[in-house]
Amino acid sequence: MSAVKACNILITGANRGLGLEIVKQLSEDSCQKQHIYATCRDPDAPKSEALRELAKKHPSVITIIRLDADDPSSIKESAKKVGSLVGKNGLNLLVNNAAIVANGTVQTSSVEDMKNTFNTNVIGPLLITREFLPYLRTAAKASGTPGMSCNKAAVINISTLGGSISRMPSVYEQFPVLPYCVSKAGLNMLTVLAAEEIKADEILCMALHPGWVKTEMGGEKAPLEPKESVEGMLRVIGSLTEMQHGGFMDYTGETVPW
Ligand code: NDP
């Protein structure tokens, strides 16, 4: 059973992979007041069918919202929409999950791949955090409890070991995905700086590594199923306090070195 009891939750990249599994597990186990804003860049496309089916199964729990992490106007629009839906309760939990991967080394990475990964994996979460911040603040204030937790107000950035400057060199040969790693190292710095900026609001912010998981991004060779990774991540998210604010952990709850 998920320890996440946050009322209003928003997830990016929710139409497939880990994002879809997060929505699935949360909706199967939702408490009465819980509502999930499952966002994706193309809600009507065939690739979003599984999410549409899930929303049909849980109509009072899931609302699908269009949000393209590469498109600042879609981010603004989605924030406006969600803001009006959550009202005075605010947004308790924002999960920045959407990301893209690109292969390459110092010798082969293209300018386009460097720009695209940075746009989606760093600028996207930056603008999303900024636009949803007023609603996270509302939730933090409305909670009336001291300290930090995901049930009060939190931003979880789904990162990767690939963004760990100290861990990556030893696995670079196995995963030559330089544009992705550089962008996720950027996301890690964004996490630390956002945590610093929003700590006065008592909004928790941290980075979470899901493990190496069988999704389109993780590929067939990955040892973990999405179910196991997401069960672990939800356990970790549900257990967070101000002690983990500004930190980097994996789906088992282990601290990951920057
Ligand atoms: P997938 O490639 O399976 O799914 C990526 C999701 O991100 C899709 O829903 C995709 O939507 C969405 N997305 C991509 N670009 C955008 C955009 N511009 N706007 C909105 N949504 C977008 O990846 P995973 O599910 O495996 O990865 C989820 C997270 O976990 C990522 O942050 C990833 O970096 C991280 N991670 C994954 C690992 C793994 O082994 N799988 C390992 C370490 C970290 P669309 O269908 O429209 O493309």
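Everything discussed here concerns the structure shown above.
Residues numbered from 1 in each chain as written. Predicted model: local features only at pLDDT ≥ 70, side-chain atom pairs only at ≥ 80, totals over all residues. Heavy atoms only, no water.

1. Quick notes on the layout of surface pockets
- Considered as a void within the structure, the largest pocket measures approximately 1,200 Å³ in volume.
- Lining the largest pocket we find 46 residues, and of these V101, Y180, T215, M217 and G218 sit closest to its centre.
- Broken down by secondary-structure element, the contributors of at least two residues to the lining of the largest pocket are helix 1 (17-28), strand 2 (35-40) and helix 5 (178-198).
- Here the lining of the largest pocket is composed, by residue class, of 21 nonpolar, 17 polar and eight charged. (1 Å grid on protein atoms, 1.4 Å probe; cavity = no way out; pocket = protein on both sides within 12 Å on 5 of 7 lines; lining within 4 Å. Points joined across faces, edges and corners; volume = space filled by probe spheres on them. Helix = DSSP H or I, 4+ residues; strand = E, 2+ residues; numbered from the N terminus. Nonpolar A, V, L, I, M, F, W, Y, C, P; charged D, E, K, R; others polar.)

2. Some points on the pattern of salt bridges
- This model, assessed by the stated rule, comprises nine salt bridges.
- With its nearest N and O atoms 3.0 Å apart, the salt bridge here joins D201 to R137. With a gap of 64 residues between them, D201 in the loop between helix 5 and strand 6 (204-209) and R137 in helix 4 (residues 111-143) connect regions that are remote in the sequence.
- A relative accessible area of 25% means that D201 is categorised as partly exposed.
- Classification of R137 as partly exposed rests on a relative accessible area of 33%.
- In this structure, E202 engages K152 in a salt bridge whose closest nitrogen and oxygen atoms are separated by 2.6 Å. Here E202, found in the loop between helix 5 and strand 6, pairs with K152, found in the loop between helix 4 and strand 5 (154-158); they are 50 residues apart in sequence, far enough to count as distant. (Salt bridge = Lys/Arg side-chain N within 4 Å of Asp/Glu carboxyl O. Buried < 20%, exposed > 50% of the residue type's maximum accessible area, 1.4 Å probe, protein only.)

3. Some thoughts on the packing of helix 4 against helix 5
- Contact geometry of helix 4 with helix 5 gives a least axis separation of 8 Å together with a crossing angle of 20°. Classified by the interaxial angle, the pair formed by helix 4 and helix 5 is roughly parallel. Taken as a pair, helix 4 and helix 5 cross one another with a handedness that is right-handed. Listed contacts from helix 5 to D113, M114, T117, F118, N121, V122, P125, L126 and L133 of helix 4 are L178, P179, Y180, V182, S183, K184, G186, L187, L190 and I198.
- Tallied by class, residues from the contact of helix 4 with helix 5 come to 13 nonpolar, four polar and two charged. (Axes fitted to C-alpha atoms, helices over the stretch in contact; angles between N-to-C directions. Parallel < 35°, antiparallel > 145°, perpendicular 65-115°, else oblique. Left-handed = near helix turned anticlockwise from the far one by under 90°. Contact = heavy atoms within 4.5 Å.)

4. Looking at the site of the ligand
- Within the structure, the ligand sits among 30 residues, and N15, R16, R41, Y180 and T215 are positioned closest to it.
- R41 is positioned with one of its side-chain polar atoms (N or O) 2.7 Å from an oxygen atom of the ligand.
- T215 is positioned with one of its side-chain polar atoms (N or O) 2.5 Å from an oxygen atom of the ligand.
- Bound to the protein, the ligand loses 96% of the 900 Å² it would expose on its own.
- In a pocket analysis with a 2 Å cut-off to the grid points, the ligand is assigned to the largest pocket.
- When contributions to the shell around the ligand are tallied by element, the ones reaching two or more residues are helix 1 and helix 5.
- When its residues are assigned to classes, the shell around the ligand shows twelve nonpolar, eleven polar and seven charged. (Near = heavy atom within 4 Å. Polar contact = N/O pair within 3.5 Å; in protein donor to acceptor, adjacent residues only side chain to side chain. Areas by Shrake-Rupley, 256 points an atom, 1.4 Å probe, with all protein chains shown as cover. Sits in = over half its atoms within 2 Å of the grid points.)

5. Topic: helix 6 (residues 226-239)
- With 14 residues, helix 6 extends 20 Å between its outermost C-alpha atoms, agreeing within 8% with the 20 Å of an ideal straight helix rising 1.5 Å per residue.
- Structurally, helix 6 contributes buried residues whose contacts are with helix 1, strand 4 (93-96), strand 5, strand 6 and strand 7 (248-250). (Expected span 1.5 Å × (residues − 1).)

6. A word on the sheet that holds strand 1 (residues 8-11)
- The parallel open sheet is built from seven strands, whose spatial order is 3-2-1-4-5-6-7. A strand with exactly one partner marks an edge of an open sheet, and here the two such strands are strand 3 (62-66) and strand 7. In this sheet, adjacent strand axes meet at a mean angle of 20° when their direction is disregarded.
- In the sheet, strand 2 pairs with strand 3 via five bridges, with the strands oriented parallel. Each bridged residue has a counterpart across the sheet, and for A38 the counterpart in strand 3 is I64.
- Here helix 1 sits on the sheet in contact with strand 1, strand 2, strand 3 and strand 4, set at roughly 160° to strand 1.
- With respect to the sheet, helix 3 (residues 72-86) is in contact with strand 1, strand 2 and strand 3, its orientation differing from that of strand 3 by roughly 150°. (Pairing = 2+ DSSP bridges.)

7. Looking at a nonpolar patch on the surface
- Where nonpolar side chains cluster on the molecular surface, the patch consists of M189, V192, L193 and W258 and spans about 370 Å² of accessible area.
- Along the chain, M189 falls in helix 5. (Patch = residues over 30% accessible without salt bridge, like charges linked within 9 Å, V, L, I, M, F, W, Y side chains within 5 Å.)

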